[in-house]
Each structure stands twice: as C-alpha cells, then as structure tokens.
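So you can see what is in the structure, the chains are spelled out below.
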Amino acid sequence: MTDAWDRAMTALALLAIDPMLGGIHLRARAGPARQAFVDAAASLPHPALRLHPAMSPEQIDGGVDLTATLQHGALTQTRGLLDRAPSILTLAMAERVEPYLAARLGASLDAQDGHILIAMDEGLEDETVPESLSDRLAFQLHLDGLAMGDIGKILLAPKQSLTKRISAPDDSIELLVDVAVRLGIRSLRAVGFALRAAKAHAALNDRNAVTEEDIHTAIALVLAPRATQLPTEDTQDTPPPDIPEDQASQTPESLPDMPDEMLLDAVQAVLPTDMLDKLQTGQNIRTGSGAGAGARKIGNRRGRPLPARNTRTTRSDARVDLMATLRAALPWQTIRKQARPDHKGAHIRPSDLRHKRYQNLSDRLLIFTVDASGSAAIARLGEAKGAVELLLGQAYARRDHVALVAFRGTEAELLLPPTRSLVQTKRRLASLPGGGATPLAAGLEAAQELADVCARKGLTPVVVLLTDGRANIARDGTADRAQAASDAQAVARALRGSGTQSIVIDTGNRPTSGLRDLADALGGSYLALPRADAQQLSRAVDAQLAS
Amino acid sequence: MKQPFPFSAIVGQTDMKRAMILTAIDPSIGGVLVFGDRGTGKSTAVRALASLLPPIKAVKGCPVNSAKPADCPDWAGVKARRTHEIPTPVVDLPLGVSEDRVTGALDIEKALTKGEKAFQPGLLARANRGYLYIDEVNLLEDHIVDLLLDVAQSGENVVEREGLSIRHAARFVLVGSGNPEEGELRPQLLDRFGLSVDVASPTDIDERIEVIKRRDAYDNDHAAFMLRWQAEDAALRDRITSARKALTKLKTPDQTLRDVATLCVELGADGLRGELTLLKAARAYAAYRDDTALTRGHVRDVAALALRHRLRRDPLDDAGSGTRVTRILQEVLGA
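What counts, and where the lines are drawn
- Residues numbered from 1 in each chain as written.
- Chains lettered and ligands numbered in written order.
- Predicted model: local features only at pLDDT ≥ 70, side-chain atom pairs only at ≥ 80, totals over all residues.
- Heavy atoms only, no water.
- Helix = DSSP H or I, 4+ residues; strand = E, 2+ residues; numbered from the N terminus.
- Buried < 20%, exposed > 50% of the residue type's maximum accessible area, 1.4 Å probe, protein only.
- Areas by Shrake-Rupley, 256 points an atom, 1.4 Å probe, with all protein chains shown as cover.
- Contact = heavy atoms within 4.5 Å.
- Pairing = 2+ DSSP bridges.
- Axes fitted to C-alpha atoms, helices over the stretch in contact; angles between N-to-C directions.
- Left-handed = near helix turned anticlockwise from the far one by under 90°.
- Nonpolar A, V, L, I, M, F, W, Y, C, P; charged D, E, K, R; others polar.
- Polar contact = N/O pair within 3.5 Å; in protein donor to acceptor, adjacent residues only side chain to side chain.
- Salt bridge = Lys/Arg side-chain N within 4 Å of Asp/Glu carboxyl O.
- Expected span 1.5 Å × (residues − 1).
- Disulfide = S-S within 2.5 Å.
- Phe/Tyr/Trp six-rings, centres within 6.5 Å; stacked < 30°, edge-to-face > 60°.
- Core = buried A, V, L, I, M, F, W, Y, C linked by side-chain atoms within 4.5 Å.
- Domains from an automatic or database assignment.
- pLDDT = per-residue confidence, 0-100.

Q: Just to check I follow, could you spell out the overall build of chain B for this structure?
A: When its secondary structure is counted, chain B shows 13 helices and eleven strands. Taking all 335 residues of chain B together, 53% fall into the buried category. Accessible surface, chain B: about 14,500 Å² in total, of which carbon and sulfur atoms supply 50%.

The structure is reproduced here in structure tokens:
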C-alpha cells in the first residue's frame with residue numbers, strides 16, 4: 001500500500017470534480033514519482049498550461065505582440081495566460097516564483113476562474129512557495145522518497161462534476177473546525193477547503209451526503225499537511241468543543257460519533273516526517289521570499305530598473321531594452337518611411353537604441369555569530385539577542401536583514417534564519433540554550449555557509465562574531481586547543497577569500513591577541529568590548545558598518 | 001464571474017469593517033492598513049467593498065473618472081460632456097507590478113498603428129476617486145512604494161518619461177494588507193495610512209464555524225445567499241450615503257479638539273497627521289452613528305484605529321502598541 005501515491009491520486013480526482021479547491025502544492029524533486037504525477041494530471045480533461053516562475057506581466061496578462069505587429073503592420077494582441085478557459089496550470093520551480101506572478105495567481109484563484117494550479121516546489125530545506133499562494137491551494141503533497149515500485153495505478157478522471165447537491169451535516173463542519181484548531185491551523189481558508197474536499201470526495205463515491213470517510217480523507221489531505229503543532233487532546237487556548245455529545249443527537253442527519261483518537265491517528269499517519277524538527281524550532285518553516293524586495297535577482301544586472309537611456313555603451317553584457325527602443329523609433333516611422341520608401345520593416349536607427357539600466361541597492365545581511373559556551377554564555381546571548389532586535393528595529397531604513405548563529409559544545413546552530421521581521425525574531429529568540437565548549441571553527445563555518453547561500457540570493461552578508469576567543473574544539477569535534485585555533489584560522493581565511501566583510505567583537509574580560517590575529521585572518525575589524533550591553537553592541541556594529 | 005462575497009456577510013472583524021466604512025464616509029481620512037494572519041478575510045473584505053460603495057458620477061469615457069467635463073485631462077481628449085454613474089473603482093495593485101503599469105506609459109497600440117505619441121493611463125488613473133488595494137503591501141518593491149508615497153501626498157500623478165509630459169489627478173483611498181511576520185512596513189508608508197487594523201483568526205469555535213457555514217452557503221447556494229445579504233449591503237450603503245450628508249452638519253466642540261490633542265501628545269505620536277486623522281475618523285464615526293455632536297465616546301472608539309501605527313516603536317517592548325493606546329486612552333479620557 002503506498003499511501004502517499006494514493007493520496008496524490010485522490011487529490012487529483014477531487015480537483016477534477018471541484019476545481020474550486022484551487023490546486024496542489026507539490027513538494028518533490030524531479031524524479032519518476034513526480035513525472036508520473038504530472039502525467040496523471042495531464043490525463044485530466046482540462047487543457048494544460050506550463051508556467052515558469054519568472055514570467056513577465058506581458059505574458060501573464062497579455063499585451064501587444066510586437067513581433068507579429070511589426071511583421072503584419074497591424075496590431076496584434078496576445079491573450080493573457082490567465083484569461084484563457086479553465087486550465088491546469090503547472091508552475092515549475094514554484095519556490096522561485098516572482099512576486100507578480102504569485103500575486104496574479106492568488107487573485108485568479110480568489111476569483112474562482114476555474115483554473116487548477118499545480119505548484120511544483122523543488123525547494124531545499126527552507127525554500128518554499130510563498131504562503132500567499134500555498135494558502136490558496138487545498139492540497140499539499142510530498143512525493144520525495146517514493147520509489148518506482150510505490151507508484152501505483154493512475155486513476156482515470158472521474159465523470160462526476162457536481163458538488164452542489166452534496167449535503168454536509170452541521171456537525172461535520174464543527175468537527176473540521178475543531179480539528180483545525182487542535183492542529184494549530186490559523187487560516188480559515190484551510191477549513192473551507194477541507195469541507196469542499198469532503199463534499200467532492202462524497203461525490204467521487206456517488207454519495208449524496210458527507211460521511212465519516214469523506215471527513216477522514218479531507219482531514220488527511222487538507223488539514224494534516226498544514227499542522228503547526230501535534231494534535232492536542234485538550235486544547236488549552238480554546239474552549240473544549242462540546243459538539244460530539246450535545247448536538248450530534250439532535251440533528252437527524254448527523255455523523256456517527258467519531259472517536260477522537262481514531263481521528264488523530266489518521267492525522268498523525270499523514271504528518272510529514274520532518275514535522276518534529278520544525279516543531280522544535282517552534283514554528284513551521286517560513287518562506288523567506290517575502291523579505292526580498294528586489295533582492296532576489298542574481299548578478300549585476302538586477303535592482304531597481306531605471307528608465308532606459310540611449311547611452312553609448314561598450315559593455316557587451318548591456319541589455320537592449322526592446323520596448324524602449326521601439327518606443328523611441330515609433331513616432332518617426334512615418335517620416336522615415338517617406339525618406340526611404342524602399343526599406344521594408346521597421347525603421348530603427350542606432351540613435352533609437354535604448355539600454356536597460358538598473359540601480360543596484362543590495363540588501364545587507366548581518367550574521368551574528370555568537371559564542372554560547374561556558375558560564376558567561378547566558379548574559380552574552382542575552383545581549384546579542386537585544387542587539388539583534390535593536391538593529392532590526394531600524395533595519396528597514398538601512399535595508400538590513402539579520403540572522404543569528406550560535407555555537408557551543410561541538411557544533412554550531414542556525415537559530416534565526418535571515419529575516420527582517422521583528423515579530424518572527426522575537427518568537428525565535430525566546431529561548432536560547434547556552435553552555436559547553438567553544439567550537440569557534442564550527443561557528444565560523446556555519447556563518448560562512450549561510451553567507452554563501454545568501455550571497456547567491458543577492459544579499460551582501462556581513463559576519464559579526466561575538467566571542468571571548470578561547471577556541472577549544474577542533475572542526476572534527478575533538479578537544480584540542482592548538483588544532484581548534486588553527487582550524488579557526490583556516491575557516492577565517494576561507495571566509496575572507498569569499499569576500500565577506502566581518503567584524504570581530506571580543507567580549508572576554510581580558511582581550512586576547514588570538515582574536516586580533518583571527519580578525520586579521522578574516523580581513524575584518526577588531527573591537528574589544530568587555531561586558532558590552534545590547535545598546536553598546538548595536539552602536540558599535542553601526543559605527544563599524546558606517547565606516 | 002461570480003459576484004464577490006457580500007461585505008455584511010463577513011463574520012466578526014468589527015474593527016476592519018468599521019475602518020473601511022469610515023473611509024467610505026470620508027475618503028480624506030486616508031486609507032486603511034490591515035495587518036494579520038492569512039485566511040482572516042482581508043482580501044474578501046476589500047473585494048466586497050466595491051459593491052458596497054455608493055456609485056459615483058463620472059464623465060463618460062474619461063480615463064481618470066472626472067466628475068466634471070472641465071476636470072478631464074487635456075491629453076485624454078474626452079469629447080463627451082455627459083456624465084454617467086459608475087461603481088466606485090476598486091483597483092488591485094498586484095505585487096511586482098512594473099512602474100509603467102502603475103503610472104501609465106506611452107500607448108504602444110496608438111504608436112504602432114497611427115504613429116501617434118499618446119498616453120496610456122495606468123492603475124493610478126483608474127483608481128482616481130476610488131480605492132487602490134495593495135495585498136502584501138509590506139513586500140512591495142521600494143521604488144513602487146516611493147512612487148505611491150509621492151502620488152498619495154500630492155494627489156497628482158506626474159509622468160515625465162519617453163518624451164511624454166503628462167499629469168492627472170490621482171486621489172484614492174489606499175488600502176493595504178499584509179502579514180507582519182513576512183516583513184515590516186516602511187515607517188513613511190505606515191504614516192500615510194489613516195487607519196490601521198490588526199486582524200486575527202477568530203479564536204471562538206462558534207465564530208469559526210459560522211465563517212465556514214457562510215462561505216459554504218455562498219459557494220453552493222449562491223442565489224439565495226446573495227439575495228439575503230445584498231439587502232443588508234444595500235442598507236449599509238444607505239447609511240453611508242446619509243452619513244456623508246450628516247458629516248457636513250456635525251458640530252465639533254472645542255473640548256473634543258482638546259481631548260484629541262492631549263491624547264496625541266501623551267502618546268508621543270509624530271507630527272500632526274495623527275490628530276487630524278483621529279478627528280476626521282471620530283467625526284465620520286459620529287455621522288455613521290447618526291449622532292448630532294461629537295463626543296468623547298466617538299473619539300475613544302476610533303482612537304486605536306487612528307493612532308496605533310503612529311507610535312514610536314520600541315523593539316524591546318513586547319506589548320503591542322494597541323495596549324499602549326488603550327492605557328493612555330484611559331488616563332486621558334477616563335474609563
């Protein structure tokens with residue numbers, strides 16, 4: 001029995017019955033399982049359309065077809081992709097979707113145009129589809145780890161299409177709401193989707209009313225993947241529901257009492273395996289895509305677009321702005337045609353050429369790398385935490401993002417992924433463990449990894465290291481002071497090699513020369529701040545960054 | 001396309017609905033910012049707004065919905081002298097929209113077919129005298145934010161590009177929504193919103209159930225549901241229309257002015273925009289309640305809406321600014 005595959009097929013069948021379910025957020029790498037799923041989706045009777053994450057507004061909304069217009073000399077309009085008849089939209093690499101496309105798709109789903117969206121998310125750990133989109137899709141599926149043998153039969157598209165006549169007993173709604181609360185799902189869209197899914201499932205099985213089995217399926221398909229907490233037996237925040245006993249007996253067409261445990265078992269069977277890891281950090285993994293106001297595009301040709309100019313550039317990588325060029329040439333066409341009537345096609349002179357220009361204001365990422373070892377750790381972490389919050393408080397004006405890496409014992413841990421949100425930061429920083437040895441090299445390595453990833457995303461990372469510098473754990477985890485120090489030096493040189501700016505803040509009571517050497521290896525600045533508090537730290541970092 | 005979910009059928013979310021009604025009564029209050037969780041009815045409320053608002057009179061064919069033929073911009077070349085009723089425009093500004101589409105740009109169609117240099121109006125033109133809705137306003141790109149700030153302040157859209165030199169009126173009520181966990185809003189933009197609302201998913205089970213039931217009825221029993229709630233919407237629309245008339249006759253006692261000023265000083269709100277907005281909001285609220293004079297009660301009821309987002313933020317203070325407003329309110333106006 002391959003549950004994941006069966007669920008995927010059920011989800012497709014339900015979508016075919018009721019396209020208002022929005023679609024599927026499919027988290028899977030490219031592979032046979034995903035391919036089989038896409039093939040199955042293609043067998044649905046709707047026309048299929050493929051979208052890619054960086055589609056331009058012209059492609060999405062339609063506009064003037066320049067090539068055709070110039071060719072025929074008559075205006076040719078293209079139709080927007082979303083204006084077509086209800087289709088299955090397959091969005092590849094959905095985790096990289098541009099904000100405009102995400103917003104348009106969201107609006108289209110809201111308007112219930114009948115499109116079905118399959119968002120194929122190939123993101124690594126913390127990359128995923130923007131929540132504004134995934135919240136509007138009923139189903140979330142994980143197909144990773146399915147082997148060829150697990151891929152079962154491909155369902156044929158069901159014939160039923162009406163969900164109108166399906167009645168749902170009142171207590172089924174109450175049950176769904178209750179389960180959603182217990183699973184910590186705040187969005188009410190999820191419950192609405194669950195109800196729709198239950199009805200569609202009833203239609204799939206040729207029933208006129210929602211039964212226990214339909215509710216079961218709806219919970220497994222819609223609610224369970226959205227859980228942010230393990231189901232609680234008694235909900236503390238909300239009054240315990242008195243639904244099953246009181247009202248079930250009154251309504252004539254009610255569900256048979258569904259034992260709570262059975263229901264929760266159903267949920268637990270479906271919970272993603274990495275659920276616990278996510279729960280330990282207190283939050284579901286959030287999408288980072290939000291913070292990226294223009295910071296997402298890679299390379300030196302990104303940033304805020306400026307009006308195109310007719311600059312004489314010798315750079316070979318300069319991009320011609322086709323629209324602007326044509327715009328510049330258009331008003332002259334009549335005159336130029338009179339001057340050279342033999343010339344066919346558009347009259348474009350070199351003086352019409354316009355090049356794209358961008359103003360590149362890259363966002364900065366401050367990676368606080370904090371030594372959480374030993375007895376002084378608690379205080380130091382507290383101050384680092386305060387400094388992070390203070391810096392974030394003014395972050396918008398300075399375009400800074402903040403991340404926090406702590407190292408202690410034998411390893412380093414990313415406590416706060418890059419963010420600009422105060423709300424999220426406070427939540428994450430609520431509890432910080434401290435104590436143990438000082439794996440300085442591991443800490444720097446973690447910082448470097450993060451710096452690399454973020455640099456690829458277009459941020460400019462700055463590493464701020466807070467430590468008293470007595471490294472005593474080597475990279476391989478052994479307690480060897482000399483090895484630890486030389487490892488730290490080696491990582492520091494690598495970090496410098498990657499061009500990352502850094503600041504070393506010595507928080508030891510007696511500043512050591514070792515850290516000054518480390519700062520030299522990092523090519524960064526060195527500050528001795530024994531017993532620094534949050535305000536001092538934030539001021540010091542500020543001053544260093546300004547210089 | 002289906003008609004949007006009716007405004008009056010939205011369960012709970014009193015603050016959000018009140019804020020939107022106040023801006024409908026007096027658009028000069030200057031917009032609403034709705035911050036909160038997903039799936040709490042933010043977008044639903046805005047999309048419902050369009051059918052709730054009283055229609056406006058506009059010159060036929062005018063791209064910026066001018067009220068009088070004299071107000072039509074020259075470049076539009078509007079020949080019609082007659083006005084007709086159109087629904088109050090509610091324009092969506094999608095995230096990641098290009099500057100061209102916001103401000104307007106050279107009309108490619110005319111340029112290609114006729115070789116004319118003409119202006120194609122953008123979203124700002126369409127939103128004139130209506131609402132401009134930005135979902136996920138906190139994720140909006142900086143250069144679009146700058147542009148909106150400028151237009152919102154001057155009430156005029158100035159386009160100087162591609163050899164065009166165009167200006168037209170662009171007065172609109174800005175409605176923004178977003179989720180604070182995904183990023184903060186820039187303080188300058190924050191200040192432009194007259195009112196701000198924090199929404200959360202209802203924690204009451206019964207309320208949640210009611211939400212789902214109504215949504216279900218909207219989807220499956222559309223005609224009957226719309227009939228039932230459109231009547232309510234119509235009643236609300238009448239109330240808004242009569243409140244607009246009552247607003248001009250409403251008296252503002254000096255004592256209320258003093259209260260409002262004291263409140264803002266105590267809260268340390270920057271600038272005078274807080275006072276003005278609070279006063280306007282309180283007046284609109286009094287008119288909506290059909291009262292003839294402004295009282296402390298009105299001020300108290302809308303103070304949090306108008307002032308919450310104008311306080312200096314202290315990153316180390318855990319309590320939200322809503323609580324601070326409530327505390328000061330009690331100190332200044334008494335319980």
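Q: Looking at this model, I keep getting lost on the overall build of chain A. Mind explaining?
A: Summing up its helical and strand segments, chain A has 21 helices and 15 strands in all. Buried residues in chain A amount to 51% of all 547 residues. In chain A, the share of contacts with a sequence separation of at least 24, taken over all contacts with a separation of at least 6, comes to 78%.

Q: Would you explain the sheet that holds strand 7 (residues 139-142) of chain A in this entry?
A: In a beta sheet, neighbouring strands pair by backbone hydrogen bonds and run either parallel or antiparallel. Residue and element names in this part refer to chain A. Read across the sheet, five strands follow the order 2-5-6-1-7 without closing on themselves; strand pairing throughout is parallel. In this open sheet, the two edge strands, each paired with only one partner strand, are strand 2 (48-51) and strand 7. Across this sheet, the average inter-strand angle for adjacent strands is 20 degrees, counted without regard to direction. The sheet contact formed by strand 1 (residues 23-27) and strand 7 spans four bridges and is parallel. Within strand 7, the residue paired with Leu26 across the bridge is Leu141.

Q: Teacher, can you tell me more about the packing of helix 10 (residues 254-267) of chain B against helix 12 (residues 296-307) of chain B here?
A: How two helices pack is summed up by the angle between their axes together with the distance between the axes. Residue and element names in this part refer to chain B. At their nearest, the axes of helix 10 and helix 12 sit 11 Å apart, and the two run at 35 degrees to each other. Taken as a pair, helix 10 and helix 12 cross one another with a handedness that is right-handed. Residue-level inspection shows Gln255, Thr256, Asp259, Val260, Leu263, Cys264 and Leu267 of helix 10 in contact with helix 12, the latter providing Arg296, Val299, Ala303 and Leu307. A per-class count over the contact of helix 10 with helix 12 returns seven nonpolar, two polar and two charged.

Q: I tried to follow the side chain of Arg136(A) on my own but got confused; where do I start?
A: Topologically, Arg136(A) is positioned in the loop between helix 6 (131-134) and strand 7. At 2.9 Å, the side chain of Arg136(A) forms a polar contact with the side chain of Asp110(A). Within the structure, Arg136(A) has its side chain in polar contact with the backbone oxygen of Ser132(A) (distance 2.8 Å). Dropping the residues within four chain positions of it, Arg136(A) is found in contact with Leu21(A), Gly22(A), Gly106(A), Leu109(A), Asp110(A), Arg189(A), Phe193(A), Ser43(B) and Asp135(B).

Q: Sorry, what's going on with the pattern of salt bridges here?
A: Side chains carrying opposite charge are able to pair once their charged atoms draw close together. All names here are of chain A. Throughout the structure, instances matching the rule amount to 19 salt bridges over all chains. The shortest N-O distance in the salt bridge between Asp135 and Arg226 comes to 3.8 Å. Of this pair, Asp135 sits in the loop between helix 6 and strand 7 while Arg226 sits in the loop between helix 9 (212-223) and helix 10 (243-250), and the two are 91 residues apart along the sequence. Judged on exposure class, the residue Asp135 and its partner Arg226 are both buried.

Q: I keep staring at helix 9 (residues 222-249) of chain B and nothing clicks. Help me out?
A: Since the α-helix advances by 3.6 residues per turn, residues separated by three or four positions end up pointing in the same direction. Residue and element names in this part refer to chain B. Spanning 28 residues, helix 9 covers 41 Å between terminal C-alpha atoms, matching the ideal 40 Å at 1.5 Å per step. Listed as buried for helix 9 are Phe225, Met226, Trp229, Asp233, Leu236, Ile240, Ala243 and Leu247. Each element contacted by the buried residues of helix 9 is listed here: helix 1 (14-25), helix 2 (42-52), helix 8 (205-220) and helix 11 (273-288).

Q: I'm lost on the sheet that holds strand 1 (residues 32-36) of chain B in this one. Help?
A: Residue and element names in this part refer to chain B. In spatial order, the strands read 4-7-10-1-11; together these five strands make up an open sheet with parallel pairing. One side of each edge strand has no neighbouring strand; the edge strands of this open sheet are strand 4 (90-92) and strand 11 (195-199). Averaged over all neighbouring strand pairs, the angle between strand axes comes to 20 degrees, with direction disregarded. Two elements, strand 1 and strand 10 (residues 172-178), share four bridges in a ladder whose sense is parallel. If you follow Val34 over to strand 10, its bridge partner there is Ser177. Contacts from helix 1 reach strand 1, strand 7 (130-135), strand 10 and strand 11, with the element oriented near 160 degrees to strand 11. Helix 2 contacts strand 1, strand 4, strand 7, strand 10 and strand 11 of the sheet and is inclined by roughly 160 degrees relative to strand 7.

Q: What exactly am I supposed to notice about the state of the cysteines here?
A: Covalent bonding between the sulfur atoms of two cysteines is what defines a disulfide. Taken as a whole and judged by the stated rule, the model has zero disulfides over all chains. Of all cysteine sulfurs, the one in Cys62(B) lies closest to Cys72(B), which takes part in no disulfide; the gap is 3.5 Å.

Q: How should I be thinking about the pairing of strand 8 (residues 156-161) of chain B in this particular structure?
A: Along a regular strand, successive side chains alternate from one face of the sheet to the other. All names here are of chain B. Residues Asn157, Val159 and Arg161 of strand 8 are buried on one face, while the alternating residues Glu156, Val158 and Glu160, pointing to the opposite face, are not. Looking at chain direction, strand 8 and strand 9 (residues 164-169) are connected through six bridges and run antiparallel. Each residue of the ladder has a partner; that of Val158, found in strand 9, is Arg167.

Q: Sorry if this is basic, but what is going on with the packing of aromatic side chains here?
A: The description of an aromatic ring pair rests on the distance of the ring centres and on the angle between the ring planes. All names here are of chain B. Tallied over the entire structure, the rule returns four aromatic pairs over all chains. Centroid distance Tyr218 to Phe225: 6.1 Å. Interplanar angle 70 degrees. Geometry classified as edge-to-face. For the residue pair Tyr218 and Phe225, the accessibility class agrees, reading buried in each case. With centroids separated by 6.2 Å and ring planes inclined at 50 degrees, the aromatic side chains of Phe225 and Trp229 adopt a geometry described as tilted. Here the residue Phe225 and the residue Trp229 both occupy positions in helix 9, the gap between them amounting to four residues, near one helical turn. You can call Phe225 buried: its relative accessible area is 7%. Put simply, the rings of Phe5, Tyr218, Phe225 and Trp229 pair up and form one aromatic cluster.

Q: Sorry, what's going on with the environment of Val402(A) here?
A: Residues and elements named next belong to chain A. With respect to the secondary-structure elements, Val402 resides in strand 11 (residues 400-408). A relative accessible area of 0% places Val402 in the buried class. Between the C-alpha atom of Val402 and that of Pro418, which follows or precedes it by 16 residues, the distance is 5.3 Å.

Q: Just checking my understanding: could you explain unusual backbone geometry for this structure?
A: Backbone geometry follows two general trends: most residues other than glycine have a negative phi, and most peptide bonds adopt the trans configuration. The phi torsion at Gln13(B) lies on the positive side, around 50 degrees, for a residue other than glycine. A positive phi angle is found at Arg129(B), which is not glycine, with a value near 70 degrees.

Q: What is the right way to look at the nonpolar core in this model?
A: Nonpolar side chains in soluble globular proteins tend to be buried together. Core analysis: the biggest nonpolar cluster contains 65 residues, and Ile24(A), Phe37(A), Phe139(A) and Leu223(A) have the highest contact counts within it. The element contributing the most residues to this core is helix 8 (residues 188-204) of chain A, with eleven residues. Counting the residues that make up this core, at least three belong to each of domain 1 (3-150) and domain 2 (170-271) of chain A. If we skip the residues at most four places from it in the chain, Leu223(A) touches Leu176(A), Val179(A), Ala180(A), Leu183(A), Ile185(A), Ala190(A), Val191(A), Ala194(A) and Ala218(A). Judged by nonpolar contacts, the second largest core, of 62 residues, contains Ile29(B), Val175(B), Leu267(B) and Ala287(B).

Q: I keep staring at helix 13 (residues 322-329) of chain A and nothing clicks. Help me out?
A: With six of eight residues buried, helix 13 of chain A lies mostly within the body of the structure. All of the buried residues in helix 13 of chain A are Ala324(A), Thr325(A), Leu326(A), Arg327(A), Ala328(A) and Ala329(A).

Q: Looking at this model, I keep getting lost on the pairing of strand 7 of chain B. Mind explaining?
A: All names here are of chain B. Counted residue by residue, strand 7 has six buried out of six residues, so it is predominantly covered. With six bridges joining them, strand 7 and strand 10 adopt parallel strand pairing. From the neighbouring strand, Gly130 faces strand 10, where its bridge partner is Phe172.

Q: I'm lost on the confidence of the model for chain B in this one. Help?
A: Reading predicted coordinates in detail is not appropriate for stretches of low pLDDT. Residue-level pLDDT values for chain B average 83, and 93% of them are 70 or greater. The ipTM, which scores confidence in the relative placement of chains, is 0.71 for this predicted complex, and the corresponding pTM is 0.68.

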